[in-house]
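# Close look at the chain arrangement
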Amino acid sequence: MTTPKNYLDMTRPEARDILLAAGHKAFRAKQLADWVYGKGVTDVAMMSNIPASVADDLSFLTSSIAARTDSRDGTTKLLLDLHDGCQVETVLIPSPSRVTACVSTQAGCAVGCKFCASGLGGLQRNISSGEILEQLIHLRQASGTAPTNVVFMGMGEPLANYEATVAAVRAIIDPERFGISARRVTVSTIGLPAAIRRLAGEDMAITLAISLHAPTDELRREIIPSAAKHTIDEILSAAGEFYQARKREITLEYVLLAGVNDAEHHARNLSRLARRLRCNVNLIRYNPVESLTFAPSSKNATDAFINTLRENGTNATLRQSRGSDIAAACGQLKTGSRG
Ligand code: SAH
Ligand code: SF4
């Protein structure tokens, strides 16, 4: 007997071909999709119209929940064991108008931003598109609610795992799979110009968020080691191509670090950069990470920063931090290995 292949790693035609080759009827493909994508059911024993032998050829979940934490504000964080012992985290953030899933794209992260927990242990490995999509299924099963929005803002750098990220986005926006509108999907990147240009060529009207965090190359290099490789100008040129090709607004993300990047001149320079592509700026409150020495900006400094951006014609919002009491907030996701 061959090892079953992971269903969520496949397109619908690929899954159908495997079923046909194994001697199943073509209509099984549609029935399976109804169970997995439509209802979030992954246990073949629970699929009343599916023969158990389908499990010989296809597996539906390769990861399992190692730990679950529920925040006072309704946020749920799951720590998942992948098949080889690597771990990733995924978070569900319900609000009155939407249910947002925050997914990881790598176990660990090679970028090593100085303020982020995800990069502390370096990169363990890329994860597959199926392993990204399993996070949506686990969140749905754990909460009983299907996500309506997906943000690629968990652990890892999505564009450093390009193929898997794009395959996962395609499954998420495919009306016959997860069926979530592309407008409700955001990919956040530290800014890899070549990959951003490539993404501009994909037929996907998703939102692109660039983690800028500093308005000058000099400061950016201090807090983001990989910034030594790409200037802000290169990143924004690539983002401009994405904007031109996809006609989707770009968001600049900026985590406010007290005394580091939160002065008035930083806000003025940031606004100048944002105007270039008419970007929105999404300010993020720094979530303290154990062993890191940064501090969040004060309320006064944060308000002043937002005002300066707005006075300079830039649309700015402050991201509500959810789940910080369970270390599920931005930049607090950490990984480890079993055993
Ligand atoms: N690697 C990608 C996506 C994951 S990080 C990226 O960096 O864009 C998602 C967001 O959380 C980024 O904007 C990141 O800069 C931010 N973040 C990282 N560490 C943080 C921290 N300690 N507090 C608040 N936000 C943080
Ligand atoms: Fe990696 Fe993003 Fe964290 Fe930087 S902020 S270490 S790119 S996950």
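All figures in this text were calculated on a predicted structure; none of them were measured in a lab.

In this section: the site of ligand 1. Close to ligand 1 lie 22 residues, the nearest being Phe 115, Ser 188, Ser 211, His 213 and Asn 287. Take Glu 157: an N or O atom from its side chain is 3.2 Å from a nitrogen atom of ligand 1. Within the side chain of Ser 211, an N or O atom sits 2.6 Å from an oxygen atom of ligand 1. Protein chains bury 96% of the 530 Å² of accessible surface belonging to ligand 1 in isolation. Of all elements in the fold, only strand E10 (185-189), strand E12 (250-256) and strand E13 (280-285) reach the threshold of two or more residues within the shell around ligand 1.

In this section: the packing of aromatic side chains. Applying the stated rule across the entire model yields five aromatic pairs. Relative to Phe 60, the ring of Tyr 7 lies with its centre 5.2 Å away and its plane at 50°, an arrangement referred to as tilted. With Tyr 7 in the loop between strand E1 (5-6) and helix H1 (12-21) and Phe 60 in the loop between strand E2 (58-59) and strand E3 (64-70), the pair connects residues that are 53 residues apart, well separated along the chain. A single burial state applies to Tyr 7 and to Phe 60, both of which are buried. Relative to Phe 305, the ring of Tyr 254 has its centre 5.2 Å away and its plane inclined at 35°; by these criteria the two rings are tilted. Here Phe 305 lies in helix H9 (residues 299-311) and Tyr 254 lies in strand E12, a separation of 51 residues in the sequence. Grouping residues by exposure puts Tyr 254 and Phe 305 together as buried. Grouping aromatic residues by their ring pairs yields a cluster made of Tyr 7, Tyr 37, Phe 60 and Phe 178. Positioned above the aromatic ring of Trp 35, the side-chain terminus of Lys 39 is 4.5 Å from the ring centre.

Positioned with a positive phi, Arg 278 is a non-glycine residue whose angle comes to about 50°. Note that Arg 278 resides in the loop between helix H8 (264-277) and E13. Its relative accessible area of 61% is what places Arg 278 among the exposed residues. Of note, Ser 291 is a non-glycine position whose phi angle comes to about 80°, a positive value.

Cut-offs applied
- Residues numbered from 1 in each chain as written.
- Chains lettered and ligands numbered in written order.
- Predicted model: local features only at pLDDT ≥ 70, side-chain atom pairs only at ≥ 80, totals over all residues.
- Heavy atoms only, no water.
- Near = heavy atom within 4 Å.
- Polar contact = N/O pair within 3.5 Å; in protein donor to acceptor, adjacent residues only side chain to side chain.
- Areas by Shrake-Rupley, 256 points an atom, 1.4 Å probe, with all protein chains shown as cover.
- Helix = DSSP H or I, 4+ residues; strand = E, 2+ residues; numbered from the N terminus.
- Phe/Tyr/Trp six-rings, centres within 6.5 Å; stacked < 30°, edge-to-face > 60°.
- Buried < 20%, exposed > 50% of the residue type's maximum accessible area, 1.4 Å probe, protein only.
- Lys NZ or Arg CZ within 6 Å of the ring centre and 35° of its normal.

Shape descriptors only; they carry no functional weight alone.
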